[in-house]
Amino acid sequence: MDSELLEQVVNNLKEINSKLDRLIVQIECRDETTSDKDKIAAYSLDVLTLLSLPDHLRTTATTLFEIGPATADEVANVTNKERAVESNYLNQLVRMNNVKKYREGRKVYFRINDSLKKK
Amino acid sequence: MTLTLAIHSSKGGTGKTSIAVNLAVAFASAGKDTCLIDMDLRGPSLCSMFKPKTHFWINDFLSGKCNLKDTLTDSKKDIGTSGHLYLSFSNPDIGEIRDLVSKDRNWQAGALKALMNGKRELAEENIDVTILDTSPGVEYESINAVAASDMVIIVHNDTKACHDCTEQLIKGVYTLLDKRCAIIDNMYHGNCLDIKEKNRYGVPVLTTIPCMCDIATRSKNEILVHSDPEHLFSKSIMTIKDKIEAMQ
């Protein structure tokens, strides 16, 4: 009985995962088809903005510049901080529109935001 | 592993380009594969000294129009260095410079990303040393170059304005970007033998180069470190090179 329940939970989780992947693809396609006219506000991380960030976020952002797109784990390996701490900093940078978050399979990646978005 | 140096100063006319060119030739003459990039996009100088052999400028690379290696001219044979000496030129066309001044922060953000990618590109090509010659002060292009570098070489003049601004740059830019720094005192008017200073603002002073008219006059037609290795200026450049290598 327990193993059946467990199997059902695993199947449900797999379904949720594949739905999330499909949603991400749809959102990315929508962004790509946005016409130039609609791309009115730009969020990207330039060096003077980088300098004005608080120390902890600047270290995280600089690391992402150095190593390119990376997971929170990979950033934490460079900065010698806990993965959870880096994940928190990276998500703060995502909320500030300086960093973009995306999924590849089951991994969550972060990269410096250089894309144009709708206001 | 490629070592990337940004040659920067707080004020103009401190001798950054002379030091950048001679340092690049010094590294290449010692057998290091070297790349010298003119990041002074507002006041290009490299094209006044050498002739580019490609159609692409560093401006094109920063705008995402080509790869960094498409902008490189190998001057190994022309100068006679044992290592490769790749040069990347900034476009001297006044229309291009006017266009650059009006670039917004998004372009600058893209330019920084391009520079970081270029750094990886050069590492894959096994370049030993990359030297970024920058424009003075806090300009987007020069701070982008500082951000992309492993070490900042500050070319310093003995004036109060230069002292004040250098201290600000160290505290407000280089340290925030977690960069190692070193100072070169250039065009020094005092007696170099009296100098005891090894550190300033917590940064090592690599050498002091006295003010000599023939450096300015001869540099128009020759690269002193190559044509006259026994010249005091050339010896100072070799000292800088050796100290930078010892710091790695």
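All values reported here derive from a predicted model rather than from experimental measurement.

About the cut-offs
Residues numbered from 1 in each chain as written. Chains lettered and ligands numbered in written order. Predicted model: local features only at pLDDT ≥ 70, side-chain atom pairs only at ≥ 80, totals over all residues. Heavy atoms only, no water. pLDDT = per-residue confidence, 0-100. Helix = DSSP H or I, 4+ residues; strand = E, 2+ residues; numbered from the N terminus. Contact = heavy atoms within 4.5 Å. Buried area = accessible area lost by both parts, 1.4 Å probe. Salt bridge = Lys/Arg side-chain N within 4 Å of Asp/Glu carboxyl O. Domains from an automatic or database assignment. Polar contact = N/O pair within 3.5 Å; in protein donor to acceptor, adjacent residues only side chain to side chain.

**Regarding the confidence of the model for chain A**
Residue and element names in this part refer to chain A. For chain A, the average pLDDT comes to 83, and 82% of its residues sit at 70 or higher. Looking across chain A, the model is least confident in strand S1 (residues 41-42), with a mean pLDDT of 42, and most confident in helix H4 (residues 72-79), with 97. This stretch, residues 34-42, has a pLDDT under 50; its non-local contacts, to residues over four places away or in other chains, come to 13 contacts.

**Structural notes on the interface of chain B and chain A**
On the side of chain A, 17 residues touch chain B, which itself brings 18 residues to the contact. The junction of chain B with chain A conceals about 1600 Å² of combined surface from both sides, 59% of it contributed by carbon and sulfur atoms. Of all residues in chain B, Arg-105, Lys-113 and Leu-176 of chain B give up the largest surface area on contact with chain A, accounting jointly for 31% of the area buried on that side. For the pair chain B and chain A, the interface holds three salt bridges.

**Comments concerning the pattern of salt bridges**
In total, this model carries 20 salt bridges over all chains according to the counting rule given. With a closest N to O distance of 3.8 Å, Lys-32 of chain B and Glu-245 of chain B form a salt bridge. Of this pair, Lys-32 of chain B sits in the loop between helix H1 (16-29) and strand S2 (34-38) while Glu-245 of chain B is found in helix H11 (residues 232-246), placing the two residues 213 residues apart along the sequence. Here Asp-150 of chain B ties to Lys-119 of chain B by a salt bridge, and the two come within 3.1 Å at their closest N and O atoms. Of this pair, Asp-150 of chain B sits in the loop between helix H7 (140-148) and strand S6 (151-156) while Lys-119 of chain B sits in helix H6 (residues 105-124); the two residues are 31 residues apart in sequence, bridging distant segments of the chain. A single salt-bridge network, built from bridges that share partners, covers Glu-66 of chain A together with Lys-119, Asp-150 and Lys-179 of chain B.

**Digging into the domain arrangement of chain A**
All names here are of chain A. Splitting chain A by domain gives domain 1 (1-33) and domain 2 (39-117). Taken together, the contact between domain 1 and domain 2 spans seven residues of the former and five residues of the latter. A buried area of about 490 Å², summed over both sides, lies between domain 1 and domain 2, and 40% of it is on carbon and sulfur atoms. Inspection of the domain 1/domain 2 interface yields zero salt bridges. For the pair domain 1 and domain 2, the interface holds one residue pair in polar contact (both at pLDDT 80 or more).

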